Amino acid sequence: MTDFKREGSHLASCPPVEKWDDWVELDPGSWPRRVEKHYQLVPTICFNCESACGLLAYVERESGQIAKFEGNPLHPSSRGRLCPKGPATINQIHDPDRILYPMKRSGPRGAGKWTRTSWDEVLETFAARMRRAIEEGRREEIMYHVGRPGHDFIMDRTLQAWGIDGHNSHTNVCSSSARLGYLLWHYADRPSPDHANARFILLLSAHLESGHYFNPHAQRILEGKRSGAKLAVMDPRLSNTASMADYWMPTYPGTEAAVLLAMAKVILDENRYDRKFMKTWTNWEDLEVDGFQARGQSFEATIEALKKHYANFTPQFAEKESGVKAEVIVKIAREIATAGSRFASHLWRGSASGNLGGWQTARALVLLHVLSGSVGTEGGHNLNAWNKFVPKPFKVPPPQKGWNELLYPPEWPLSTHEMSFLLPHFLKEGRGRIDCYFTRVFNPVWTYPDGFSWIEMLRDEEKLGLHAALTPTWSETAWFADYVLPMGFSSERHDLMSQESYAGRWIGFRQPVNRVLRERGGEKFECTYQANPGEVWEEDEFWINLSWAIDPDGAMGIRQYFESPYRPGQKLTVDEYYGWIFENSVPGLAATAQKEGLTPLQYMRKYGAYEITRDVYGQNEKPLSEAELSGTRAESNGVVTKQAKPVGVMIDDRPVVGYNTPSRKLELFSRTLADWKWPEFVLPEYYRSHIHRSAQRASLGEKAADFDRKDAPAVEWPEHARGEVFTLLPIFRLPNLIHTRSGNAKYLYEISHKNPLWINAADARKLGGIRTGDLMKVHTEIGYFVLHAWVTEGLAPGLVACSHHLGRWRVTKDERIERMSSAWVDLKEVGKGQWKMRQLESVSPYDSPDPETKRVWWSDAGVHQDITFPVHPDPVSGMHCWHQMVRVERAASDDRYGDIFVDTNLSFGVYQRWKALARPAPGPGGLRRPLWIPRAVRPEESAYYMKR
Ligand code: SF4
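Only a predicted model underlies this, so the values are computations on that prediction, with no experimental measurement involved.

**As for the overall build of the protein chain**
And step 1. Counting secondary structure elements, the protein chain contains 29 helices and 36 strands.
And step 2. Over its C-alpha trace the protein chain gives a radius of gyration of 27 Å, about what one expects of a compact globule, namely 30 Å for 948 residues.
And step 3. The buried share of the protein chain, taken over its 948 residues, is 65%.
And step 4. Considering only residue pairs separated by 6 or more positions, the protein chain has 71% of its internal contacts joining residues 24 or more positions apart.
And step 5. Counting 118 positive and 118 negative side-chain charges, the protein chain places the centres of these two groups 1 Å from one another.

What follows is the structure in structure tokens.
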């Protein structure tokens, strides 16, 4: 458990754990009288982003109601601190517009007619349909599509117990590009930077306010800064993070890899690289580039070949590309070399997710770590797999046999995750159909590009048989479902969470607060929905019960994985599921619990989190154990193999674990890319993104230049598109908002509810004197949206920017649907595939059981930009490339704020132009994708081979 004295925590006022059963505070509502309120404090885990911070629910002893949420000081990652979204959980659970009962559509899809139904009816309907699909050999027609993950582990188990290849995710509109760049180096697809102990930190994201794991990371970045670390931020926008930095590098978007490679060149040319580390831990001997072959050559000769290869990346060239001054690039390169093993960095979305080839930014960034010898070190760049803890449950089902090409189609064999944002286009092309579709906290109509293609797909009963939206809140997508199934927020469900948020390993336990407290008082519940508001359930029990309903007598082989490990043949309970994991799979937990006279489950219910270990570094150097060594052989290149598969590597004549790559080293040279038809990218490289200035000029007829991707798809402007060409940055977020779930969180929407178009003052002048608040029309390749301008110096000329997370809408005025955050719109299909949306009424005060809804003082719901974007699948990573060229003009007199138009016929055309860039499987040996690259819910190996 975290020692807060050692950590130097300032949270002296956090309730000590011995007082959690009866914590007393003065009631602020009774001021100036001193009225005491007594609370029971129950730990759980925040559900409002991936960070999984620890919450404490304050439950009034008198009423049994949850009064507020604060931070759990015993949670090793968040250490009692929260961002605004954590405490706003109270708004979510008391939202008068929330969904409380399972509902079934009673009119045509999307018509908004619903009737309340029972959980039993839901289970019977889906079980019958799924049983039929499985028995008829149509397993690939069952799909689970997750938006917000957050129940680690149980879903993979469920899908494999059903024997289906049906896991879909949102990752390819989020982070899969950076993931590819990272995994090509070291298999782990995310870094675990040790910010707290770093001497120099480089962020390619808005990490102090909104990046991945930002609250846990932000604390540690500031600790690093307090100990003398310097902070550099590369971001085209003057974000709050950039404003806190020692160096702000406002790069032209998509040129970040050029800047990083210029820094690499400085370190190489000045011979400030960590020779020992590079020689020991990279696969430099495999290098084959520009006619040079390292095998048989010296390390020094290889370094010379690298210097030659990167000779063009002078700081002056990088300045010309990016706008960052050459002297700043040189200075930061030297700072990194000086920090050496204590150089930490982070990149998640931003540059990687915006650009064609954005995955190269991650590769170029890790090159700096390799040069500075800061991989696996204290204060350096560690691997997520070393810090994220994944416990093993009992009786694991075997991997599924099939391969679903709606998830992993042959065109993108290196995509780290499912090509989920292309699903409507795949169905339009006739690649398959879906019979049972479960969406989980997933709102693609609103959060994905090309949302109208999603509406067309969701409406089509031929292509999509039955759709259940498992969701805690209403969403634009749930409106088009057949069933809307209410699932719990943070204090209404069970989940296990663990993230690589610092150099340690921990596990957190989300739990249903009311149920836990009432069971402490002696009540018993068969299902969590009996203790939650209305009949709000949780997925764990839903999947267990659904699996029993599919296979009631166990004849299909499914039920066995949902039987109790303690009571053979009986239905598994959540207490048993988690109890078994805590007893058997979490090192040290059972002994720690025993010291307090608790079972491991009781311990986790009491504290909500457990730190397994800390100061985890250099796991690559772990010696192979006797058991691991048995049956191995050392190959001539030093790789230790077992049954022809690499399992370790010889370092200084010692067999150690190494990295999980084919060479078991950091892959400076990627044979995988050469083998999979991308020989031009065997080293970290830079080429111009689809939105580079030269592409802007090319879209107006100019010819291509050096570093241009000659194959970048040309922009074809629709007829209506007029105005100046800009690059739109659409993927930054306001730190207090979540995609869909923050909708009716009043504390959050009160803080921000506008997403204007950022435009530089010089551009505003060029466009005829645009002022803040003027109405602008932004044309994309498939349509347009209309919004207000915000004239600023916080963004470079030539760019415009608009935050996502705003612009919610509903097609009905009166229903109780997200009234605090959404506009009532008129949505019309004016021609085949041509969609128009106009806001009829925006946010205004309204009556509800919460008196504060009458005090709503804002009247803006924002503008939905994502729905006007076409899909841009990167040919290598498969990631949607979010940045795009747009044309911007002053809105016309008949344009209104929030107007949207999209032609999905055009979006299908853009999809096909980008698809043409791909270099499809098969790869070597008829493989669909490299065997060593990770895949979500991995099927058995035979499924990796394409059938002739
Ligand atoms: S960072 Fe904020 S939203 Fe994310 S888990 Fe922590 S408190 Fe919740």
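This is not the end of the story, as more comes after the structure.
**Section: the layout of surface pockets**
And step 1. When its volume is computed, the second largest pocket comes out at roughly 640 Å³.
And step 2. What lines the second largest pocket is a set of 23 residues, and nearest its centre among them are Pro646, Thr661, Pro662, Leu931 and Trp932.
And step 3. Elements that contribute at least two residues to the lining of the second largest pocket include exactly strand E25 (645–651) and helix H25 (671–675).
And step 4. In terms of residue class, the lining of the second largest pocket is built from 11 nonpolar, 4 polar and 8 charged.

**What to know about the packing of helix H11 (residues 315–322) against helix H12 (residues 326–339)**
And step 1. Contact geometry of H11 with H12 gives a least axis separation of 8 Å together with a crossing angle of 120°. Considered as vectors, H11 and H12 are oriented oblique to each other. You can see that H11 and H12 cross each other, and the crossing is right-handed. On H12, the residues that touch Pro315, Gln316, Ala318 and Glu319 of H11 are Ala326, Ile329 and Val330.
And step 2. When its residues are assigned to classes, the contact of H11 with H12 shows 5 nonpolar, 1 polar and 1 charged.

**Overview of unusual backbone geometry**
And step 1. Cis geometry marks the peptide bond from Trp31 to Pro32; its omega dihedral reads 10°.
And step 2. Within the fold, Pro32 resides in the loop between strand E1 (23–26) and strand E2 (36–45).
And step 3. Residue Pro922 follows Ala921 across a cis peptide bond; omega there is 10°.
And step 4. Of note, the phi angle at Lys677 is positive, near 80°, even though the residue is not glycine.
And step 5. On the secondary structure map, Lys677 appears in the loop between H25 and helix H26 (693–699).
And step 6. The phi angle at Val937 is positive, at roughly 45°, despite the residue not being glycine.

**A look at the nonpolar core**
And step 1. Of all hydrophobic cores here, the largest spans 107 residues; its most connected members are Tyr437, Trp474, Leu757 and Val888.
And step 2. Examining the composition of this core, we find that 5 residues originate from one element, helix H18 (residues 451–459), more than from any other.
And step 3. Apart from the residues lying within four places of it in its own chain, the contact partners of Val888 are Arg722, Gly723, Glu724, Phe726, Leu757, Leu767, Met776, Lys777, Val778 and Val800.
And step 4. Residues Trp284, Tyr310, Val330 and Ile651 belong to the second largest nonpolar core, which totals 72 residues.

**Some details on the packing of aromatic side chains**
And step 1. Evaluated as defined, the whole model comprises 52 aromatic pairs.
And step 2. Taking the centre distance of 5.4 Å and the plane angle of 85° together, the rings of Phe438 and Trp543 count as edge-to-face. Remark: Trp543 occurs in helix H20 (residues 539–550) and Phe438 occurs in strand E17 (residues 434–440); sequence separation between them is 105 residues.
And step 3. Assessed through its relative accessible area of 0%, Trp543 is described here as buried.

**Considering the confidence of the model for the protein chain**
And step 1. When pLDDT is averaged along the protein chain, the result is 94; 97% of the residues meet or exceed 70.
And step 2. This stretch, residues 1–10, has a pLDDT under 50; its non-local contacts, to residues over four places away or in other chains, come to 17 contacts.

**Comments concerning the environment of Glu70**
And step 1. Here Glu70 lies in strand E4 (residues 66–71).
And step 2. For the pair formed by Glu70 and Pro43, sequence separation is 27 residues and the distance between their alpha carbons is 9.5 Å.
And step 3. Among the polar contacts made by the side chain of Glu70, one reaches the side chain of Tyr58 at a distance of 3.3 Å.

**Focus: the pairing of strand E35 (residues 884–890)**
Here is the key point about a regular strand: its side chains alternate between the two faces of the sheet.
And step 1. Within E35, 6 of the 7 residues are buried, leaving the element largely enclosed by the surrounding structure.
And step 2. Relative to E35, strand E29 (residues 775–779) is paired through 4 bridges, and the arrangement is antiparallel. Directly across from Met776, in E35, lies its bridge partner Arg890.

**Some points on the sheet that holds E1**
Hydrogen bonds between backbone atoms are what pair the strands of a sheet, whose relative direction is either parallel or antiparallel.
And step 1. Taken together, the 4 strands give an open sheet; going across it, the order is E1-E2-E3-E4, and neighbouring strands pair in antiparallel fashion. The two strands at the open ends of the sheet, each matched to only one other strand, are E1 and E4. Pairwise comparison of adjacent strand axes, ignoring direction, gives a mean angle of 40° for this sheet.
And step 2. For strand E3 (residues 54–60) and E4, the ladder comprises 5 bridges, and the chain directions are antiparallel. Residue pairing across strands places Leu56 opposite Glu70, the latter belonging to E4.
And step 3. Running at roughly 115° to E2, helix H19 (residues 513–520) makes contact with E2, E3 and E4 of the sheet.

**Structural notes on the sheet that holds strand E10 (residues 200–203)**
And step 1. Spatially, the 4 strands line up as an open sheet ordered E12-E11-E10-E15, and their pairing is parallel. Edge positions in the sheet fall to strand E12 (247–249) and strand E15 (343–346), since each of these pairs with one other strand and no more. Neighbouring strand axes in the sheet, compared pairwise and without regard to direction, differ in orientation by 15° on average.
And step 2. Two elements, strand E11 (residues 230–234) and E12, share 3 bridges in a ladder whose sense is parallel. Among the inter-strand pairings, Met234 is bridged to a residue of E12, identified as Met249.

**Some words on the side chain of Asp495**
And step 1. Summarising the element assignment, Asp495 is placed in strand E20 (residues 495–497).
And step 2. You can call Asp495 buried: its relative accessible area is 0%.
And step 3. Among the polar contacts listed, one links the side chain of Asp495 to the side chain of Arg493, at a separation of 2.7 Å.
And step 4. There is a polar contact of 2.7 Å between the side chain of Asp495 and the side chain of Arg510.
And step 5. Residues in contact with Asp495, not counting those within four places in the same chain, are Gly150, His151, Gly508, Phe509, Arg510, Asp540 and Tyr578.

Quick notes on the rules
- Residues numbered from 1 in each chain as written.
- Predicted model: local features only at pLDDT ≥ 70, side-chain atom pairs only at ≥ 80, totals over all residues.
- Heavy atoms only, no water.
- Helix = DSSP H or I, 4+ residues; strand = E, 2+ residues; numbered from the N terminus.
- Rg over C-alpha atoms; globule rule 2.2 N^0.38 Å.
- Buried < 20%, exposed > 50% of the residue type's maximum accessible area, 1.4 Å probe, protein only.
- Contact = heavy atoms within 4.5 Å.
- Lys, Arg positive; Asp, Glu negative; His and termini not counted.
- Charge placed at Lys NZ, Arg CZ, Asp CG, Glu CD.
- 1 Å grid on protein atoms, 1.4 Å probe; cavity = no way out; pocket = protein on both sides within 12 Å on 5 of 7 lines; lining within 4 Å.
- Points joined across faces, edges and corners; volume = space filled by probe spheres on them.
- Nonpolar A, V, L, I, M, F, W, Y, C, P; charged D, E, K, R; others polar.
- Axes fitted to C-alpha atoms, helices over the stretch in contact; angles between N-to-C directions.
- Parallel < 35°, antiparallel > 145°, perpendicular 65-115°, else oblique.
- Left-handed = near helix turned anticlockwise from the far one by under 90°.
- Core = buried A, V, L, I, M, F, W, Y, C linked by side-chain atoms within 4.5 Å.
- Phe/Tyr/Trp six-rings, centres within 6.5 Å; stacked < 30°, edge-to-face > 60°.
- pLDDT = per-residue confidence, 0-100.
- Polar contact = N/O pair within 3.5 Å; in protein donor to acceptor, adjacent residues only side chain to side chain.
- Pairing = 2+ DSSP bridges.

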